[in-house]
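Observations on the model geometry
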Amino acid sequence: MTTAPVNTTAQAAMRLRELVFGAACAAAVRAAARLGVADLLDETPVSVTDLAARLDIEPRQLRRLLRALTCYGLFAETGDDQFEHTEMSRLLREDAPNSLRHIALWCTEPWTWEAWPKLDEAVRSGRNVFPELFGKEFFDYLHTDAGDSAKVFDKAMTTSSRQSAKDFAEYLDLTGIDSVADIGGGQGHVLASLLEKHPALHGTLLDLPKVVAGADPRLQEGGAFSARARLVPGDCRIEIPVRADLYIIKNILEWDDDSTRRTLANVVAVARPGARVVVVENLVDNSPSMRFTTAMDLMLMLNVGGAKHSEESMVQLMEEAGLDVAAVRPVNPYLHAFEATVRG
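We now turn to the structure provided with this report. This is a predicted model, so every value here is computed, not measured.

Basis of the calculations
Starting afresh in each chain, residues are numbered from 1 along the sequence in its written order. Per-residue local features of the predicted model are confined to residues with pLDDT of at least 70, and side-chain atom pairs are confined, for both listing and counting, to 80 or more; whole-chain, interface and lining totals are unaffected and use all residues. Calculation of side-chain values draws on the structure's entire complement of heavy atoms; hydrogens and water are dropped beforehand. Numbering of helices and strands runs from the N terminus, with a helix taken as a DSSP run of H or I at least four residues long and a strand as a DSSP run of E at least two residues long. Only heavy atoms matter for contacts: two residues are in contact if any of them lie within 4.5 Å across the pair. Pairing of N or O atoms within 3.5 Å defines a polar contact, subject to two protein rules: one partner must be a possible hydrogen donor and the other a possible acceptor, and residues neighboring in sequence count only if both atoms are side-chain atoms. Stacked, edge-to-face and tilted labels apply to pairs of Phe, Tyr and Trp rings (six-membered ring for Trp) whose centres lie within 6.5 Å, assigned for plane angles under 30 degrees, over 60, and everything in between, in that order. The classification of residues rests on relative accessible area computed with a 1.4 Å probe and restricted to protein chains. Under 20% of the type maximum is buried, over 50% is exposed, and intermediate values are partly exposed. Criterion for a charge above a ring: Lys NZ or Arg CZ within 6 Å of the ring centre, and within 35 degrees of the ring normal.

1. Details of the environment of Ser179
Structurally, the position occupied by Ser179 is in strand β4 (residues 179-183). In this structure the C-alpha to C-alpha distance between Ser179 and Ala244, which are 65 residues apart in sequence, comes to 5.2 Å. Residues contacting Ser179, with those up to four places away along its chain left out, are Leu201, His202, Ala244, Asp245 and Leu246. Within the structure, the side chain of Ser179 is placed 3.1 Å from the backbone nitrogen of Asp245, a separation counted as a polar contact.

2. As for the packing of aromatic side chains
Following the criterion strictly, the structure yields 12 aromatic pairs and no others. Judged by centre distance (4.6 Å) and plane angle (40°), the ring pair of Phe134 and Tyr141 falls under tilted. Assessed through its relative accessible area of 15%, Phe134 is described here as buried. Note on Phe139 and Phe153: the rings are 5.8 Å apart at their centroids and 65° apart in plane angle, and the pair reads as edge-to-face. Residue Phe139 is found in helix α11 (residues 138-144), and its partner Phe153 is found in helix α12 (residues 147-171); the two are separated by 14 residues along the sequence. Exposure remark for Phe139: the relative accessible area of 39% places this residue in the partly exposed category. You can call Phe153 buried: its relative accessible area is 16%. Three or more aromatic residues joined by ring pairs form one cluster here, namely Trp106, Trp111, Phe130, Phe134, Phe138, Phe139, Tyr141 and Phe153. Between the NZ or CZ atom of Arg237 and the centre of the ring of Trp255, over which it lies, the distance is 5.0 Å.

This is the structure we're talking about:
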């Protein structure tokens, strides 16, 4: 039997200890976000005493929090008991152009700490454990029992959607396209970005009635793009009453496979042969952000019984629905676009 070198074993043991304390890291990021540490730290080093005074908190405990976060590259200690921003810690600022503050809060909401310990049950049973924990399905719980968490969710999704919408608008080639349909497009940030970039383009946003009612103001009556935008309330898993040259389905095919099949089939049923369909998803393979995406995949297993796709599984579902997938391309480091056409 071969014995691993002592130094290798020691490194592995140290890394495993760090992993099992991962909750402490997540909790520290959440604490910094809730306390607003990043927002009150400017571009010059600040002493813990001064920062604590600005935040009206205990300096000794703040020092311990900051020391823990510097181990992960969030904030940096400069000496003389002073700390300064790093590239990562700036992303926790509310006013940062690509702020991740609300994402950080959403991924560490109170319900998550109750759900994660049930991961083994979800893996064993193959079903989401959320209803057993909270007595109702995830989104029902969120909007009836956890109003504050629902607000965090809305802000996190809005922030994420706005950021990725810009990347997607830059990525997408609309040569020969006069009309687009954003299926399950939330508040319509993708559609608004496309209409802004392409003045001759017309577009439709389809989502649940409550979601469409809160669409981007630029798409609503009197908005900058209202003359070229149509808002259609509906459920894409039931029907898609929209004809367009291009259908966009971004970050919604994370339900069970049956719901995904129904959505794709509804697109194929209404679209003309040859119409373009672009599906945009995070992938659990072939991605620079594997740790983030696979973690989201596990969270989906817990809360809604959904899953992130691999490139192979997404292509298979699209091909089964009657789509011909021509290419899979990166939109940014964490999103991929599946370029397809409706089979003739």
